[in-house]
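Here's the letter readout for the chains.
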Amino acid sequence: MTLTMQDVMADPMFERTAPTVEAGEAGMSGTVRWAYTNERYDIASFLSGGELVIIEGSALLSHMDDNEIIRYVDTLVDAGVAGLAIELVEGVRTVPPAMIAHANTRALPVIGMHRRMPFVDLCQSINTAIVKDQLLVQVRTDALATTMRTRLATARSAQDVAKTLNDIFGESVAIFDSDGLVVAHSGPTIRPADAGRPAERTLVLDVRKNGGPLASIEITQRNRLADGQIAEQVSEVIRQVLPAFIQTQPRNAMLAHVLRGPANERHATEQEAGDAAAMLQAIGLDSTNQLVPFVIGMDSVSSSIDAVSRCLSGDGTATISGGDGGDENGVDHVGGRIGEAPAQGAEEGNIVADEGIVVDVLEGNLLFGLYAASLGSIDRGNSGSSASAGKQSDSIAGTRLERRLADESALPGIWCIYGRAVSSVGMLLDECGLLQFAAREMPPAAGTVANLLDAAPKRLLGIERTRDAAGTLQSLMLGDALLGHDSLLRTLEACFDTGGNISKACGLLGIHRQTMYNRLEKIGDMTGVSKDDCMAWPLLLCAAKLAAVGRTSSGRPTSEQSATR
């Protein structure tokens, strides 16, 4: 277990202060990493998250107005503080109303201490309890790892692994390969969500080999057994055992490599783009301007993977090739996604969705994938579609995928993020890098379908150097092809400078409106962004303006007239 704010209230030494919860009760389950005392207004700069801050208060709160109190609360929350304890004995006897109101809004626990106790004794008592807890967790984790290694040494199959985990934890265990196929299950069937109650709480482990996905293991948490440290230990032990029983298909390894995005997480190199293009062709995708990246998050893989597959197919018909038969543990089809049968004419591992193809790979509770808008984009030995067909696929790709994902987000415990159909492998890799960030760092709420570019501002703010952030935005939105196309960049720059006014932009460039519309259509084909897209269009214009600033500083022309002089 870990020490929470609720546990601190029951600490013998802390109880002597007659503590009361004055505000932020919603955050009382937060973990306390350390107890610390400091009366400075700028205390947040000394914190690293998880602290219980204990203050006397009179030297601080008595000199603050309401706005300063609100800013103080914000800095504590933004620093990740677990809670604030204030001595209410002399000077400050009540928590200021502004602090109560804002702490409730931001779920920051504020504890009032109504009897005086030396702060050093309070910190010592709480921190000693934290250290003891950490030692107990470490001992328990080490003992668990030893038990697992001993028991799993005799495993002869993935089913043996599942049964051993079931015996050790007393929890239901399901093991999926990177295709999302059930390969083993032990224990009672994991209860899905229904109209009256949510799905069972489960822990989903992403087991990887050589950096790529190997298996996902779902363990129920009926006894709330596994915390983060234990989960890491289980993953480490399982990673040493499962490769003998589960093999990652080359197709999945290549797909996962592409979906991982660029190595620096910002911009794909020419070498990375070339490697990715070869992998896509090997997978059976020969035209990247028809591919849309997406990710689907599931609270429970066991409860959701079959329904997700049916929604991706678009007609309620299961389409993943796999085995049949069941087992005594309630698994309908071990070797296939639950309840599924192979689709006529579908390539192994691909889902037929409307007139498109979905290729995906399971990583923990996240299903990453690419949607190809038309069957014409699949290399079956006689590939090749016309340019007009490619453009038509581009225009319908996002719409069809968004419709499929909307169906999925209506399922309990499901959220989705989708990107754009872009014109180059480099841009696709950049999008995949942003997709990884969005899925792991800022996943949307269950029941939500989010546009990938919603995550772009936060991703850019996380890049330390301004020049690197600007370069990331340019490569994400413009790609290498558009960056080398001066007239189209000047068109976007003019749209930026005129606030999107087409007539004024035409006047600035000295071109006819039809020329402008032709250029905007070409820009849409290259970037997957329409001027009607209220999220992507401003980002595209900003990227173009930054590129224009770079051209200006290098002495290159920035207008139609100067370009023809």
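Keep in mind the model is a prediction, meaning the values are calculated, not measured.

Colleague: Explain helix α14 (residues 466-477) residue by residue, including any values.
Modeller: In this model α14 runs 17 Å from its N-terminal to its C-terminal C-alpha over 12 residues, within 8% of the 16 Å that 1.5 Å per residue would give. Within α14, burial applies to A469, A470, T472, L473, Q474, S475, L476 and M477. Remark: G479 follows α14 within two positions and exhibits a positive phi of approximately 70 degrees.

Colleague: I'd like to hear about the confidence of the model for the protein, residue by residue, with values.
Modeller: Summary statistics for the protein give a mean pLDDT of 81 and a share of 81% for residues scoring 70 or more. Counted against residues more than four places away or in other chains, residues 316-348, with its pLDDT under 50, gives 81 contacts. For residues 375-396, every residue scores under 50 in pLDDT, and the model assigns this stretch 40 contacts once sequence neighbours within four places are set aside.

Colleague: Kindly report on the side chain of T527, identifying the contributing residues and their values.
Modeller: Mapped onto the fold, T527 is located in helix α18 (residues 513-527). Looking at T527, its side chain comes within polar contact range of the main-chain oxygen of I523, at 2.8 Å.

Colleague: A description of the packing of aromatic side chains should follow, citing residues and the corresponding values.
Modeller: Evaluation of the coordinates by the stated rule reveals 1 aromatic pair. Taking 5.9 Å as the distance between ring centres and 25 degrees as the angle between the ring planes, the aromatic pair formed by Y41 and Y72 counts as stacked. Highlighted residues: Y41 in the loop between β2 (34-37) and β3 (51-55) and Y72 in helix α3 (residues 66-78), separated in sequence by 31 residues. Accessibility expressed as a relative area gives 35% for Y41, which makes it partly exposed. For Y72, a relative accessible area of 0% gives the class buried. Looking at R459, its charged tip hangs above the ring of F437, at a distance of 5.6 Å from the centre.

Colleague: An account of helix α8 (residues 250-259) is needed here, citing residue identities and associated values.
Modeller: Within α8, burial applies to R251, N252, L255, A256, V258 and L259. Projected down its long axis, α8 carries its buried residues within an arc of 160 degrees, all on one side. Just downstream of α8 lies G261, where phi reads positive at about 85 degrees.

Colleague: Tell me about the nonpolar core, and please be specific about residues and values.
Modeller: Ranked by internal contacts, the top residues of the largest apolar core, which has 69 residues, are L370, M477, L478, L492 and M516. It is helix α12 (residues 425-441) that contributes the most residues to this core, 10 residues altogether. Excluding residues within four positions of it along the chain, L478 makes contact with M427, L473, L483, L489, L492, L540, A543, A544 and A547. In terms of nonpolar packing, the next biggest core, distinct from the first, is built from 28 residues, A158, A215, I217 and L242 among them.

Colleague: If you had to explain unusual backbone geometry to someone new, which residues and values would you point to?
Modeller: At A18, a residue that is not glycine, the phi angle is positive and equals roughly 55 degrees. For A18, a relative accessible area of 25% translates into the label partly exposed. Phi at E265 takes a positive value of approximately 70 degrees, unusual for a residue other than glycine. Locating E265 in the fold gives a position in the loop between α8 and α9 (270-283).

Colleague: Describe the pattern of salt bridges, with residues and values.
Modeller: Under the defined criterion, the tally for this structure stands at 19 salt bridges. The closest approach of N and O atoms between E493 and K545, which form a salt bridge, is 3.6 Å. In this pair, E493 sits in helix α16 (residues 486-497) while K545 sits in helix α19 (residues 536-553), placing the two residues 52 residues apart along the sequence. Relative accessible area serves as the criterion here: at 8%, E493 is assigned to the buried category. The closest approach of N and O atoms between D532 and K531, which form a salt bridge, is 3.7 Å. The exposed category is assigned to D532, whose relative accessible area is 63%. The class of K531 is partly exposed, set by a relative accessible area of 39%. Each of D206, R208, E363 and R440 takes part in salt bridges that share partners, so that together they form one network.

Calculation criteria
Residues numbered from 1 in each chain as written. Predicted model: local features only at pLDDT ≥ 70, side-chain atom pairs only at ≥ 80, totals over all residues. Heavy atoms only, no water. Helix = DSSP H or I, 4+ residues; strand = E, 2+ residues; numbered from the N terminus. Expected span 1.5 Å × (residues − 1). Buried < 20%, exposed > 50% of the residue type's maximum accessible area, 1.4 Å probe, protein only. pLDDT = per-residue confidence, 0-100. Contact = heavy atoms within 4.5 Å. Polar contact = N/O pair within 3.5 Å; in protein donor to acceptor, adjacent residues only side chain to side chain. Phe/Tyr/Trp six-rings, centres within 6.5 Å; stacked < 30°, edge-to-face > 60°. Lys NZ or Arg CZ within 6 Å of the ring centre and 35° of its normal. Arc of directions from axis to C-beta. Core = buried A, V, L, I, M, F, W, Y, C linked by side-chain atoms within 4.5 Å. Salt bridge = Lys/Arg side-chain N within 4 Å of Asp/Glu carboxyl O.

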